[in-house]
Amino acid sequence: MGFPMALDSDTHKGPSVSLLTGLDMTHISLCPAIAFNKIVGGRYKLHILCVLHRGPQRFGEIGRSLVKGGLGKPVTPRILSRELKDMTELGLIDRREYPVVPKKVEYSLAPRGKALLPILAEIVRWGATGVHEEILEIPKQ
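On a predicted model such as this, the values are computed, not experimentally measured, just so you know.

Rules behind the numbers
- Residues numbered from 1 in each chain as written.
- Predicted model: local features only at pLDDT ≥ 70, side-chain atom pairs only at ≥ 80, totals over all residues.
- Heavy atoms only, no water.
- Helix = DSSP H or I, 4+ residues; strand = E, 2+ residues; numbered from the N terminus.
- Buried < 20%, exposed > 50% of the residue type's maximum accessible area, 1.4 Å probe, protein only.

Visitor: I tried to follow unusual backbone geometry on my own but got confused; where do I start?
Guide: Generally, phi is negative for residues other than glycine and the peptide bonds are trans, each holding for most cases. Between Val 101 and the following residue, Pro 102, the backbone shows a cis peptide bond with an omega angle of 0°. Turning to its location among the elements, Pro 102 is positioned in the loop between β4 (93–98) and β5 (104–109). Positive phi values are uncommon outside glycine, yet Glu 137 reaches one of about 55°. Note that Glu 137 resides in the segment after α7 (131–135).

Visitor: Quick question: what am I supposed to make of the environment of Ser 81 here?
Guide: As for its placement among the helices and strands, Ser 81 is situated in helix α4 (residues 77–89). Judged by relative accessible area, Ser 81 falls into the partly exposed class, the value being 38%. Measuring from C-alpha to C-alpha, the distance between Ser 81 and Phe 59 comes to 8.2 Å, with 22 residues separating the pair along the chain.

Function cannot be read off these values alone, since they describe shape.
Below you can see the structure in the form of structure tokens.
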């Protein structure tokens, strides 16, 4: 379910104005909340954006960072590879391969990924209250 929007009563084709923001929505066909979930949904994509905010990272560095913030559960190389590939195809991150042996590949934020950082910062601010751990019933340490 997306954010509440007023339907165009004449055409019933979709939202005309977001009830949350008051913004005109007549030029879009997909709810932005649903689109956001399709783009960065998944177990690791938001965390990868956070990791890459610190600068370019190699595959192993990203994987180790995900363990530290994910309750100690390691991400499998296959899943991390898939997430990075998806994010590259969506234009959220850039993949740079160096012509050296052994192979060296670095990932960094692309402009589309950088554009999501203010949203990610708000999510982290919300999480700093600890309410997410309460909702998910995570025991306090």
